[in-house]
Structures are given as structure tokens and as C-alpha cells.
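Descriptive structure summary
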Amino acid sequence: MNLQNPGLLRSTNLIDGKWVGADSGATLTVVDPASGERIAEVPRCGAAETRRAIAAADAALPAWRALTARQRGQLLLAWQRLILDHADDLAALITAEGGKPLSEARGEATYGASFVEWFAEEGKRTYGESIPSPNPATRLLVVKQPVGVCAAITPWNFPLAMITRKVAPALAAGCTVVVKPAEATPLTALALAALAEQAGFPAGVLNVVTGDPVAIGGELCASPIVKKLSFTGSTAVGRKLMAQCAPTIKKLSLELGGNAPFIVFDDADVDAAVEGALVAKYRNTGQTCVCANRFLVQAGIYEDFASRFAARAAELKVGAGSEPGVAQGPLINAAGLAKVEAHVADALAKGARVLCGGARHARGGNFYQPTVLADVTRDMQVAREETFGPLAPLFRFEREEEAVAMANDTEFGLAAYFYSRDIGRAWRVGEALEYGMVGINTGLISNEVAPFGGIKQSGVGREGSKYGIEEYLEVKYLCFAVG
Ligand SMILES: NC(=O)C1=CN([C@@H]2O[C@H](COP(=O)(O)OP(=O)(O)OC[C@H]3O[C@@H](n4cnc5c(N)ncnc54)[C@H](O)[C@@H]3O)[C@@H](O)[C@H]2O)C=CC1
Ligand SMILES: O=C(O)[C@H](O)CS(=O)(=O)O
């Protein structure tokens, strides 16, 4: 990994404005998922270091929240400019530790910077209100105030954007933050911290602690100083963290797992649906929480869509993310690869048909062929479990009502997609789908200006948009007696 600015490759943590190792000297090894080779060591911190990071954030809070929103916004814009100025190096780190194709990693740097720019401005619009009092002797006001010290626990699949999507609104609102990135992808988080320090954020405003997730997470959840936890990751871990935060009644933002349906109706533009399906399925090698996990195709165009989609999926170039023209990188680890294999094996054993892929890639390691299976049915694991890999199972349906019922038959409710050129159907289906986000004739819905989040067991709260900063604000009601 050749960085233009080697200083961005950090092997220590940022706590209270100092770059430190673990108290024990222990380290975590970071590996390239494409080659399995070691690329770096980072501190394996635990509860004690986390307590110091929380104390630093607490000490920095009064001065940080006392700045004006404009002053905080100016520092955020300085950070945004540095992220964009170093986007190539950040992309190299994302690809090296996360495996995604360099073009996608470069896009993530831009996407992540967009949250910093957006919330640099949104921080100036945390408006309160005056309320007509029912009592002539009083005047009523509502003001917004920062929640305080916040914790952020983030996943490996977007190691830059999932941090800025939390840290930017928190800092803009006047909060201070302790971040625990995923063990697989700490380098991007540490590089972001280095750029934040360079932008001029005071010591303790942003702290990044790498290491033992249970020890660090346990401290972040148990500390009464931490008033808010924002988590992005699996529903299983989200449940644990929610329970661990209960004793201190923390505010929570949870962006959890998904099981996105991708519905193609007979009246769809099939070419457009194929293009949308490729994006919705194979972005980040199928490792995004909003990836299409089930394809529900109406009987009239089933074979036509299936053959065209499989032909395009089979063309996707598989390889290390740093190689030119690669569209599909490795799975993040052996466990991720095993899950894809298990879902394929289960479906084939129960009668599914391979249209393309269906086995490990000749590259070996964590590489899997982009796969499309036909004749998939609801008794198969892929119907209920999030694959989180390059597997597209095609289900068949006859009627609109049946498609909506199939789409909603899951405990998840993050993202859904459908293709239809009938405006009445678009309204009916858009309203009937039980999801936080619905793509209509598009497979790409994520941006900084729209509310990102799910319902049911896909989480609580929203990120991005005008709603995202509310997650880091408390509403205070002031009642003035005017005599
Ligand atoms: N809703 C959303 O926006 C997103 C959801 N996800 C979901 O996350 C999963 C894949 O990402 P992973 O990183 O493998 O998820 P994960 O839930 O295993 O890990 C996410 C983060 O939680 C930490 N963690 C794990 N166990 C913990 C514990 N006991 N205490 C404290 N922290 C703990 C990990 O170190 C990591 O930083 C998929 O289910 C995917 O759908 C991933 C990205 C975005
Ligand atoms: O982590 C994820 O899966 C992201 O939320 C996906 S997106 O924001 O890039 O759509």
C-alpha cells in the first residue's frame, strides 16, 4: 500500500489529543482480505483506555459546546476539505483493509465527506420554537441542546462513511465523541482521526479506540458519562448493545441488518431493472445493509429478466480491489465466505437452479463468483437470512398482493426496491412496503440529504438528512413567568 501521505497510516489510537498504544502493549493484526497478508498492527485497547477516552470527551465538552455552530461548522468544513484532499490515500486504506474495489472506495471517501459538509451547515439550523402560552402570565420556549458525550460503534463495510455519518452530526450539534471502529478496518478510522486533528479539532473532541469490542463496548455502554450510543452493524449485536445501555437509559441510534426485497413487475422496463439489480446486489460485493437480498420477479417476465440479469452478473470482474477493472472484491473474511456458501448449498439442496456462479472463485481465498439462482422458494435460508455477499436468489410471483406479502414477510425493514411503470402501482406498493427506505425504479438510494434508517428489527433512528442531527440533540422546554 503506497500512500502519498504515509503519515495517514497510524498504528496508535487518538485519546485526549495524544497518540497512544494499548496499556498492555497488545496489538490487533490488520489483514488484507484479498491476500490474507498482514498489513498493519493497531492497539488492542480495552476498558481502561476506553475510560480515559470517555473522560477526555467529557473534559472537552464544555468548551466545545460553547463554540458557536458557525465555529464548529468551520472546523468540520476544514476536516471535509482534508478528507477530499486525501481521498486517494483514504481509498487505498479502505481497499487494503476492507477489500472493496478502489473505485468504490474512492466513492466512499467522497460520500463520507458529504456528511461532514452537510452537517457543518445543519448545525446552524438546530432551531427551537416559541409556543403560545395558555397562561397569560407565562411565555413558553423550546431550545435544542447537545446530548453530551457520545459513543459510536461502526462496521467494516463502510469504514469511513459510517464514521462521518455519526461523528459529523454529533460534533455539529456540540457533542464530543468516542469511536470504536470494526477490528477488521481500524486504519481508515485512525486516518480520519489524524485529519480531524490536522483540521484543528481540540483534544478530546474526537477520540478513536481500537481493540477488544466486548471490553470497549461494555465500557461505552456502562458509563453514565456517555449519554448516547450510535451503532451500525448486525441486529444481533444491536440487541446486545441496546440491553447494555438500558441501565443508564442512553439515547440510541441503531442501523442494523436488512433483508431487502427487489421486486420486478411485468410492466417494468426490464433493461433498467437489470441495471438497478446489479447495483442493488453487487455493490461492495453484496456487503451493504441495503443490498437486495431477495429478488421477487413477476411470472410474465421472469425468464427474460433472469437470463439478462445472470448474463450481466457473470461479466463482473472478480479480483483484488486494487486491480484495474475489478467490480467484485473478496468477502471480508472466511466467515463471510462460508455464509454465502451455506446459503447457496441450502438453496440448491432444496431445488434452486444455478444461472451463473454458484461456487468459490478460481482466485481462492475469500473470493466467490457473482451468483444468480433461479426457482428459489420461501423454505430456503436465503428467504429469511441476510446473505451479505454476491448471491442473488430469484423468487417468482403472480400477483401484486402476493409480491407485497412476500416482501414484507421478514423481521427486517431497512430498504426495499421495485420496478414498475404504472404510477398507481408505484403509489400502492410504495405505501404498502414495511421498510424505512424504498427505491422505485432505482437500485441506489443512499445520499447525505435523505433520512437513512429502518423499522422493525433493522433499527431505530435516522442518519443523514435534517433528521440526523436531531439524534444528537435534546429538546428543552423553558417556561418564563412574566408576572
Ligand atoms: N443498517 C446499516 O446501516 C448497516 C448494517 N450493517 C449490518 O452489520 C452486519 C455486518 O457488519 P459487521 O461489522 O459484521 O457487524 P457486527 O455487528 O459484527 O459489528 C459491527 C461493529 O460492532 C462491534 N461489535 C461486535 N460485537 C460487539 C459487542 N459485543 N460489543 C460491542 N461492539 C461489538 C464490531 O467490532 C464492529 O465495530 C450485517 O448484518 C449488516 O446488515 C452493516 C452496515 C450498515
Ligand atoms: O453500511 C452500509 O451498508 C451503508 O449504510 C450502505 S450505504 O449507506 O452506502 O447505502
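Residues numbered from 1 in each chain as written. Chains lettered and ligands numbered in written order. Predicted model: local features only at pLDDT ≥ 70, side-chain atom pairs only at ≥ 80, totals over all residues. Heavy atoms only, no water.

For the protein, the name recorded in an unreviewed UniProt entry is Succinate semialdehyde dehydrogenase, with Azonexus fungiphilus as its organism.

A look at the pattern of salt bridges
Across all of its chains, the model carries 31 salt bridges by this definition. Across the pair Asp 304 and Arg 308 runs a salt bridge, and its minimum N-O distance is 2.9 Å. One end of the pair, Asp 304, and the other, Arg 308, are both in helix H10 (residues 302–314), 4 residues apart, so they sit about a helical turn from each other. The partly exposed category is assigned to Arg 308, whose relative accessible area is 31%. Between Glu 341 and Arg 360 there is a salt bridge; the shortest N-O distance is 2.7 Å. One end of the pair, Glu 341, is in helix H11 (residues 334–349); the other, Arg 360, is in the loop between strand S14 (353–356) and strand S15 (371–374), with 19 residues separating them in the sequence. Residue Glu 341 is classed as partly exposed on the basis of its relative accessible area of 27%. One salt-bridge network, in which partners are shared between bridges, spans Asp 267, Glu 400, Arg 425 and Arg 428. (Salt bridge = Lys/Arg side-chain N within 4 Å of Asp/Glu carboxyl O. Helix = DSSP H or I, 4+ residues; strand = E, 2+ residues; numbered from the N terminus. Buried < 20%, exposed > 50% of the residue type's maximum accessible area, 1.4 Å probe, protein only.)

Things to note about the environment of Ala 57
Inspection of the secondary structure assignment puts Ala 57 in helix H1 (residues 47–66). Linking Ala 57 and Asn 207, residues 150 residues apart in sequence, is a C-alpha distance of 7.4 Å.

Things to note about the site of ligand 1
The local shell around ligand 1 holds 28 residues, among which Thr 154, Glu 183, Ser 234, Leu 256 and Glu 386 are the closest. Within the side chain of Glu 386, a nitrogen or oxygen atom sits 2.7 Å from an oxygen atom of ligand 1. Burial of ligand 1 by the protein amounts to 87% of the accessible area it has alone, namely 830 Å². When residues of the shell around ligand 1 are traced back to their parent elements, those giving at least two are helix H7 (213–222), strand S10 (226–232) and helix H8 (235–245). Top contributing element to the shell around ligand 1 by residue count: H7, with 3 residues. In terms of residue class, the shell around ligand 1 is built from 15 nonpolar, 8 polar and 5 charged. Each of domain 1 (6–256 + 458–479) and domain 2 (260–440) gives at least three residues to the shell around ligand 1. (Near = heavy atom within 4 Å. Polar contact = N/O pair within 3.5 Å; in protein donor to acceptor, adjacent residues only side chain to side chain. Areas by Shrake-Rupley, 256 points an atom, 1.4 Å probe, with all protein chains shown as cover. Nonpolar A, V, L, I, M, F, W, Y, C, P; charged D, E, K, R; others polar. Domains from an automatic or database assignment.)

A short note on the packing of helix H2 (residues 69–85) against helix H6 (residues 186–199)
Their axes nearest at 8 Å, the elements H2 and H6 cross at an angle of 130 degrees. Classified by the angle between their axes, H2 and H6 sit oblique to one another. For the pair H2 and H6, the sense of crossing is right-handed. For the pair H2 and H6, the contacting residues are Leu 75, Ala 78, Trp 79, Leu 82 and Ile 83 in the first and Leu 192, Leu 195, Ala 196, Gln 198 and Ala 199 in the second. Residues of the contact of H2 with H6, tallied by class, amount to 9 nonpolar, 1 polar and no charged. (Axes fitted to C-alpha atoms, helices over the stretch in contact; angles between N-to-C directions. Parallel < 35°, antiparallel > 145°, perpendicular 65-115°, else oblique. Left-handed = near helix turned anticlockwise from the far one by under 90°. Contact = heavy atoms within 4.5 Å.)

What to know about the side chain of Asp 89
Counting through the fold element by element, Asp 89 comes out in helix H3 (residues 87–98). Excluding residues within four positions of it along the chain, Asp 89 makes contact with Asn 2, Leu 3, Gln 4, Asn 5 and Leu 8.

A few points about the site of ligand 2
The immediate surroundings of ligand 2 are formed by Tyr 111, Asn 157, Phe 158, Met 162, Arg 165, Arg 283, Thr 288, Cys 289, Val 290, Ser 446 and Phe 452. Interatomic distance of 2.7 Å between a side-chain N/O atom of Tyr 111 and an oxygen atom of ligand 2. The separation between an oxygen atom of ligand 2 and a polar side-chain atom of Ser 446 is 2.4 Å. Considered class by class, the residues forming the shell around ligand 2 number 6 nonpolar, 3 polar and 2 charged.

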